[in-house]
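# A closer look at the structure
The primary structure of each chain is shown beneath.
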Amino acid sequence: MCETCGCSESGEFKIHDLQHKHDHDDHHHYDHDQHHDHQPEHAHEHNGVWHTHSHDQTQQKVINLNMNILSNNNRLAQLNRRFLEGRKVLCLNLVSSPGSGKTSILEKTIQALIPIRKIAVIEGDQQTLLDAERIEKSGAPAIQINTGSGCHLDARMIESALEKLEIEANSILFIENVGNLVCPAMFDLGETKRVVVISVTEGEDKPLKYPYMFQSSQLCLINKSDLLPYVDFNTEKTIEYARSVNPNMEFIIVSAKTGEGMDLWYEWLARQTK
Amino acid sequence: MSIHYQAISCREFAKFDFMHEFSLAIEVINLSQREAAKSNAREIQEITIEVGDLSGVEADAFGSALDLLVKDSILNHANVKIIRTPGKGICKACNLEFEMNHRMAACPQCRCFPSQINGGDEFRVVSLLVE
């Protein structure tokens, strides 16, 4: 190994002909400054340091992959899904902007349903154990995943959480994703369904601004309905916008605070396991 | 009921994960490392990645993220080629095929939407040139 640049000098590892054809019509290139032509015996510069070494013949080959970059996440998500299906667990991935009331909805839901349903929760936040503590107080087992600087949960994190959470058969597993309407849309966790929460203090055009999330969810909970008299939120418009990106979407208008509409949500949950 | 309650730190694999495109760049590096190992490659000279305009990935941000992260990985010396594919849609009402520059683009002929996406949602590693 060449200690300056890290390139190998051993037997079969030789000439890299890096005379790439650059077609700039519809391509964007991110060339690295280490690029250079290698001749059999030459001096060249790596990161400002000139040195010589020899390279013999090259054995280049092209590996055609056509591989989805999220394929590893998708594969792990399928494993999670199979694991949960095997235990007849209804797994719901709750996504929303920060502050829409996901945790409050979960608290109310647990308090109402824990006498009749087994419930477990995986909490995703960048920092703190606060949400898991709130869930714990409402009576359901909770695992907190702190993603650090991460902006979403991925299938690998759920896999590790499932190893720790002794999930019982026939239970409901709620995964509260990191508050973010962008990135979590791309990461399948292995959930049965995805539920997007929007609150009436947000703009009604959210479904148009974040179409990926609304396209990938099956149910939309419109929360904080108790505030409707005080805000300029047009519920019909929101539903119309969300249906325009996802015609099959279902909607339930709720207030976790007053309990309004929560029965419809519980009925929806019961229907999912029939 | 017993309460299970613990925190899992995901920081070890979220070190650079402050932006969506960074986690995707990490996926690309991991995928490249796996595939290179499978074919006993010592180095990847070129990687071709296709990023569709409707994939939800910002090609420029993704390229910059990859540039920052490749150091000490098998892609350190690789030429990164990002092919952008334009979004294409087919109108569900009048069957017109048209270029979609975003997912919510309406059919230019009858103004119907949403249209069926017919290309441009790809996000994949096309090929690796290895030795």
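Here the structure is shown first, and the text comes after it.
The text that follows walks through the structure, step by step, so that each part is easy to find. Every chain begins its residue count from 1, and numbering advances along the sequence as written. Whichever chain is written first is A, and whichever ligand is written first is 1; the rest continue in order. In keeping with the model being predicted, local features are shown solely for residues with a pLDDT of at least 70 and side-chain atom pairs are shown and tallied solely at 80 or more, while totals for entire chains, interfaces and linings include all residues. As a convention, hydrogens and water are excluded, and side-chain values are obtained from all of the structure's heavy atoms.

### Points about the overall build of chain B
Spelled out, the test is: Going along the chain from the N terminus, every DSSP run of H or I of four or more residues is numbered as a helix, and every run of E of two or more is numbered as a strand. For every residue, the accessible area obtained with a 1.4 Å probe (protein chains only) is divided by the maximum for its type, and the residue is called buried under 20%, exposed over 50%, and partly exposed between those limits. Here, Shrake-Rupley sampling with a 1.4 Å probe gives the accessible areas, and only protein chains in the shown set may cover a residue.
Each helix and strand in chain B was counted, giving 2 helices and 7 strands. By the burial criterion, 56% of the 131 residues in chain B qualify as buried. Summed over all atoms, the accessible surface of chain B reaches about 5,900 Å², with 48% contributed by carbon and sulfur.

### Re the nonpolar core
Using the following cut-off: Residues enter a nonpolar core if they are buried and are Ala, Val, Leu, Ile, Met, Phe, Trp, Tyr or Cys, with the set joined through side-chain atoms within 4.5 Å. Contacts between residues were defined by any pair of non-hydrogen atoms, one from each residue, lying within 4.5 Å.
In this structure, Val 28, Ile 49, Phe 62, Leu 66, Leu 75 and Val 125 of chain B are the most contacted members of the largest nonpolar core, which totals 34 residues. A total of 7 residues in this core trace back to one element, the largest contributor, which is helix α1 (residues 20-38) of chain B. When neighbours within four sequence positions are excluded, Phe 62 of chain B is seen to be in contact with Glu 21, Leu 24, Ala 25, Val 28, Ile 49, Val 51, Val 57, Ile 82 and Phe 123 of chain B. One finds Leu 92, Ile 105, Leu 113 and Val 195 of chain A within the second-largest nonpolar core, a separate group that totals 27 residues.

### What to know about the pattern of salt bridges
Our working rule: Within this document, salt bridges are pairs made up of a side-chain nitrogen of Lys or Arg and a carboxyl oxygen of Asp or Glu, the two lying within 4 Å of each other.
Applying the stated criterion to the full structure yields 13 salt bridges over all chains. Close ionic contact of Glu 202 of chain A with Lys 206 of chain A constitutes a salt bridge, the shortest N to O distance being 2.6 Å. For Glu 202 of chain A, a relative accessible area of 13% translates into the label buried. Note on Lys 206 of chain A: relative accessible area 16%, which makes it buried. As a salt-bridge pair, Glu 50 of chain B and Arg 124 of chain B come within 2.8 Å of each other at their nearest N and O atoms. On the criterion of sequence distance, the pair formed by Glu 50 of chain B in strand β2 (residues 44-52) and Arg 124 of chain B in strand β7 (residues 123-130) is long-range, its members being 74 residues apart. Relative accessible area serves as the criterion here: at 9%, Glu 50 of chain B is assigned to the buried category. Look at the salt bridges and you will find they share partners, linking Glu 107, Asp 131 and Arg 134 of chain A into a network.

### Topic: the packing of helix α1 (residues 71-86) of chain A against helix α4 (residues 155-164) of chain A
All names here are of chain A. Test applied: Inter-axis angles, ranging from 0 to 180 degrees, are taken between N-to-C directions of lines fitted to C-alpha atoms, where helices are fitted over the stretch in contact. In a left-handed crossing the near helix is turned counterclockwise from the far helix by less than a right angle, and in a right-handed crossing that turn is clockwise. Under the scheme applied, nonpolar residues are Ala, Val, Leu, Ile, Met, Phe, Trp, Tyr, Cys and Pro; charged residues are Asp, Glu, Lys and Arg; polar residues are all the others, including Gly.
Where α1 contacts α4, the axes come no closer than 8 Å and their chain directions differ by 35°. You can see that α1 and α4 cross each other, and the crossing is left-handed. Facing α1, whose interface residues are Asn 73, Leu 76, Ala 77, Asn 80, Phe 83 and Leu 84, α4 presents Ala 155, Arg 156, Ile 158, Glu 159 and Leu 162. Along the lines of polarity and charge, the residues of the contact of α1 with α4 split into 7 nonpolar, 2 polar and 2 charged.

### Some thoughts on the sheet that holds strand β4 (residues 87-90) of chain B
All names here are of chain B. We count it as follows: In this scheme, strands are said to pair when DSSP sees at least two bridges between them.
Reading across the sheet, the 3 strands line up as β5-β4-β6 and stay open at both edges, with antiparallel pairing between neighbours. Each of the sheet's edge strands pairs with one partner strand only, and the pair in question is β5 (97-100) and β6 (116-117). Two elements, β4 and β6, share 2 bridges in a ladder whose sense is antiparallel. Across the sheet, residue Ile 90 finds its bridge partner in β6, namely Gln 116.

### Some remarks on the state of the cysteines
Put plainly, two cysteines are in a disulfide when a covalent bond ties their sulfur atoms together. Residue and element names in this part refer to chain B. What counts is decided by this rule: Disulfides are defined as pairs of cysteine sulfur atoms found within 2.5 Å of each other.
Evaluated as defined, the whole model comprises 0 disulfides over all chains. A disulfide-free cysteine, Cys 110 has its sulfur positioned 3.5 Å from the sulfur of Cys 91, the nearest such atom. Its relative accessible area of 32% is what places Cys 110 among the partly exposed residues.

### Focus: the pairing of β2 of chain B
Successive residues of a regular strand alternate their side chains across the two faces of the sheet. All names here are of chain B. Test applied: Orienting the strands away from the viewer, one traces the path from the first strand over the helix to the second; a clockwise path indicates a right-handed crossover.
Among the 9 residues that make up β2, 9 are buried, leaving the element largely enclosed by the rest of the structure. Direction of pairing for β2 relative to β7: antiparallel, over a ladder of 7 bridges. Across the sheet, the residue bridging to Thr 48 is Ser 127, located in β7. Here β2 runs beside strand β3 (residues 79-85); their pairing, made up of 7 bridges, is parallel. Counted as the bridge partner of Ile 49 is Ile 82 from β3. Running through helix α2 (residues 59-69), the crossover from β2 to the neighbouring parallel element β3 is right-handed.

### Some points on the environment of Lys 237 of chain A
Note on placement: Lys 237 of chain A falls in helix α7 (residues 235-245). Put simply, Lys 237 of chain A and Ser 217 of chain A are 20 residues apart on the chain and 18 Å apart in space, counted from C-alpha to C-alpha.

### Overview of unusual backbone geometry
Generally, phi is negative for residues other than glycine and the peptide bonds are trans, each holding for most cases. Residues and elements named next belong to chain A. Although it is not a glycine, Lys 88 sits at a positive phi angle of roughly 55°. Relative to the elements of secondary structure, Lys 88 occurs in the loop between α1 and β5 (90-96). Residue Lys 88 is classed as exposed on the basis of its relative accessible area, which comes to 60%.

### Some words on the packing of aromatic side chains
Residues and elements named next belong to chain A. Quick reminder of the rule: Only Phe, Tyr and Trp rings are paired, with Trp represented by its six-membered ring, and only when their centres lie within 6.5 Å; those with planes under 30 degrees apart are stacked, over 60 edge-to-face, the remainder tilted.
The final tally for this structure, using the stated rule, is 3 aromatic pairs over all chains. Relative to Trp 265, the ring of Phe 174 has its centre 6.2 Å away and its plane inclined at 40°; by these criteria the two rings are tilted. One end of the pair, Phe 174, is in strand β8 (residues 172-176); the other, Trp 265, is in helix α8 (residues 262-272), and 91 residues separate them in sequence. Residues Phe 174 and Trp 265 agree in their burial class; the two are buried. Centre to centre, the rings of Trp 265 and Trp 268 are 5.9 Å apart; their planes meet at 15°, and the pair counts as stacked.

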